[in-house]
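One-letter residues, chain by chain:
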Amino acid sequence: MTVVPADTSAPADAASTAVPAAPVPALAARTLAVGGSPVRDILAVTARPEVINFAGGLPAPELFDRQGVADAFRHVLEETPGRALQYSTTEGEPALREPLAARMSARGLPTGADDLLVTAGSQQALSLLAAALLDPGDTVLVEDPCYLAALQVFGLAGARVVPVPGDADGPDPEALADLVVRERPKLLYTVPTFQNPTGRTLPAERRAALAAVAARHGLWIVEDDPYGELRYEGERVPWIAAHPDARDRTVLLGSFSKVMAPGLRLGWLRAPAQLRRACAVAKQAADLHTPTVNQLAAARYLAAADLDAHVARVAGVYRERRDAMLAGLPGALPEGSVWNRPEGGMFLWARLPDGHDTAALLPAVVRHDVAYVPGAPFHAGEPDPATLRLCFVTQTPEEIAEGLSRLGRALGA
């Protein structure tokens, strides 16, 4: 029998490659509509080490309690490795939820461990709330300006985002009431203490008025509090969640990112039972549970270290850095600019005189090896192109002075 060699001159799949492959299905429309974070984009552009970067919202890494955190991880991995490296419950480790609940109770909001859901940072808590509360087309009310990543979350959920008019004290209660009647929103999102981006704090009277509107008209309030412990001066203002009118309709978000370390990715939400259970279901679909070892290490840190003393040390340093920025702004910004004096947190909000566009000015500013975040992307409504956000906690007072000197030269060029 004669064997005929196979023809190897053409690829085996020649027939299939002769027909053009069909395109894959398109991405979800919501991912194309929302886009990325302008802050992240700016940070990528300004990653050069010579840039003094006031654009980020990063805690000062030299102030992390590295030894305390390392000791906490070492303890749980040596003493309870099987538990630390195992799956955990969706709601979070009781060893962490219990001291968290005790801290909240001590600050005037009676809380039990079962009132809390531990999340991968408070950012995930926002995403879970959107999944639990929002259907495409639902309306969400926000502060104006508003935390950027919250706008991203609500956009990905397909919500219609409407800004609430306000003033230096935050959203106006009468305007809120009018919008609730007209728009029938699901929720109001607010960062009432040392807000990102403005650094402002809502007074107690304004918080009570917002709570009253929520009670009268039927509205969820999402109260995001990642910065509240970073107070340098003034008296602490009670949470909206502690107000009698709002206790059954407020979700309070918290985080260790600004007081312990953001790399732990530990946050939590406190919510009424039905909504909390819905968020737990959403979390099961997202990641099953927050990393066990991180939770147990944080619980050990709370038991073995003095978090309040650590936060007080950090706040003292941040106050010096805020003061350095306030001292240098008159010489850095054009005449006629205005800015606020935050009592805590990480950010300062400024506005240049009419006619200035901080986004258009940024490339020239970056060429002087300094950076800020233009204010326009923080606005859910009509943007104000003359605004900008400055983060003052990551640099030393000497670096802040040099950065503001560069900023002054850039804006005066």
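None of these values were measured; they are calculated from a predicted model.

Negative phi characterises most residues that are not glycine, and trans characterises most peptide bonds. Cis peptide bonds are those with omega within 30 degrees of zero, and the linkage from aspartate 144 to proline 145 qualifies with 5 degrees. Note on placement: proline 145 falls in the loop between strand 3 (139–142) and helix 8 (148–156). Each neighbour pair has its own omega, and for asparagine 196 with proline 197 the value is 25 degrees, a cis peptide bond. Along the chain, proline 197 falls in the loop between strand 7 (187–190) and helix 10 (204–217). Within the chain, leucine 288 stands out as a residue other than glycine whose phi angle is a positive 70 degrees. Mapping leucine 288 onto the fold places it in the loop between helix 11 (273–286) and helix 12 (292–304). On the accessibility criterion, leucine 288 (43% relative accessible area) is partly exposed. The residue aspartate 369 is not glycine, and still its phi comes out positive at about 60 degrees. Turning to its location among the elements, aspartate 369 is positioned in the loop between helix 14 (358–367) and strand 13 (370–371).

So, on to the sheet that holds strand 12 (residues 347–351). To summarise the sheet geometry, strands pair through backbone hydrogen bonds and adopt either a parallel or an antiparallel arrangement. Reading across from one edge, 11-12-15-14 is the order of the four strands in this open sheet, with antiparallel pairing throughout. Looking along the sheet, the strands with just one partner apiece sit at the ends: strand 11 (338–339) and strand 14 (373–374). Across five bridges, strand 12 lies against strand 15 (residues 387–391) in antiparallel orientation. For arginine 351, the partnering residue across the bridge sits in strand 15 and is threonine 387.

Attention now goes to helix 15 (residues 397–412). Here helix 15 contains 16 residues, and its C-alpha end-to-end distance of 22 Å stays within 8% of the 22 Å for a straight helix at 1.5 Å per residue. Among the residues making up helix 15, those that are buried are Ile400, Gly403, Leu404, Arg406, Leu407, Gly408, Ala410 and Leu411. Summarising the contacts, the buried residues of helix 15 are in contact with strand 1 (52–53), helix 13 (307–332), helix 14 and strand 13.

Taken as a whole and judged by the stated rule, the model has four aromatic pairs. With 5.7 Å between their ring centres and 85 degrees between their planes, tyrosine 227 and phenylalanine 347 make a pair best called edge-to-face. Of this pair, tyrosine 227 sits in the loop between strand 8 (220–224) and strand 9 (250–255) while phenylalanine 347 sits in strand 12, and the two are 120 residues apart along the sequence. Note on accessibility: tyrosine 227 and phenylalanine 347 belong to one class, buried. When the centroid spacing of 6.0 Å and the interplanar angle of 85 degrees are considered together, the rings of tryptophan 349 and phenylalanine 378 count as edge-to-face. One end of the pair, tryptophan 349, is in strand 12; the other, phenylalanine 378, is in the loop between strand 14 and strand 15, with 29 residues separating them in the sequence. Note on accessibility: tryptophan 349 and phenylalanine 378 belong to one class, buried.

Glancing now at the sheet that holds strand 9. Sheet architecture is open: seven strands sit in the order 2-10-9-8-7-3-4, paired in mixed fashion. With partners counted over all chains shown, the strands left at the sheet margins are strand 2 (116–119) and strand 4 (160–163), one partner each. Direction aside, neighbouring strands of the sheet carry axes that sit 20 degrees apart on average. The pairing of strand 7 with strand 8 spans four bridges and is classified as parallel. Paired with tyrosine 189 across the two strands is valine 222, which belongs to strand 8.

This part covers the pairing of strand 3. Residues Thr139 and Leu141 point to one face of strand 3 and Val140 and Val142 to the other, with burial holding for every one of them. As judged from the four bridges shared by strand 3 and strand 4, these two strands associate in the parallel manner. The partner of leucine 141 across the bridge, within strand 4, is valine 162. What joins strand 3 to strand 4 is helix 8, and the crossover it makes is right-handed.

What follows concerns the pattern of salt bridges. Counting across every chain of the model gives 26 salt bridges. The shortest N-O distance in the salt bridge between aspartate 71 and arginine 74 comes to 2.7 Å. Here arginine 74 and aspartate 71 lie together in helix 4 (residues 66–79), a separation of three residues that amounts to about one turn. With a relative accessible area of 35%, aspartate 71 lands in the partly exposed category. The salt bridge involving arginine 341 is made with glutamate 233; its shortest N-O contact spans 3.4 Å. Here arginine 341, found in the loop between strand 11 and strand 12, pairs with glutamate 233, found in the loop between strand 8 and strand 9; they are 108 residues apart in sequence, far enough to count as distant.

Moving on, we get to the nonpolar core. By size, the foremost hydrophobic cluster in this structure holds 103 residues, and its most contacted members are Phe154, Tyr189 and Phe256. The element that contributes the greatest number of residues to this core is helix 13, accounting for ten residues. Each residue touching phenylalanine 154, except ones within four places of it in the same chain, is listed here: Leu126, Leu134, Val140, Val142, Ala159, Val161, Leu187 and Tyr189. Ranked by size, the runner-up nonpolar core spans 18 residues in total, among them Ala175, Ala177, Ile240 and Ala246.

Cut-offs used in this document
- Residues numbered from 1 in each chain as written.
- Predicted model: local features only at pLDDT ≥ 70, side-chain atom pairs only at ≥ 80, totals over all residues.
- Heavy atoms only, no water.
- Helix = DSSP H or I, 4+ residues; strand = E, 2+ residues; numbered from the N terminus.
- Buried < 20%, exposed > 50% of the residue type's maximum accessible area, 1.4 Å probe, protein only.
- Pairing = 2+ DSSP bridges.
- Expected span 1.5 Å × (residues − 1).
- Contact = heavy atoms within 4.5 Å.
- Phe/Tyr/Trp six-rings, centres within 6.5 Å; stacked < 30°, edge-to-face > 60°.
- Axes fitted to C-alpha atoms, helices over the stretch in contact; angles between N-to-C directions.
- Right-handed = clockwise from strand over helix to strand, strands pointing away.
- Salt bridge = Lys/Arg side-chain N within 4 Å of Asp/Glu carboxyl O.
- Core = buried A, V, L, I, M, F, W, Y, C linked by side-chain atoms within 4.5 Å.

The quantities given are spatial measurements derived from coordinates; they are silent on function.
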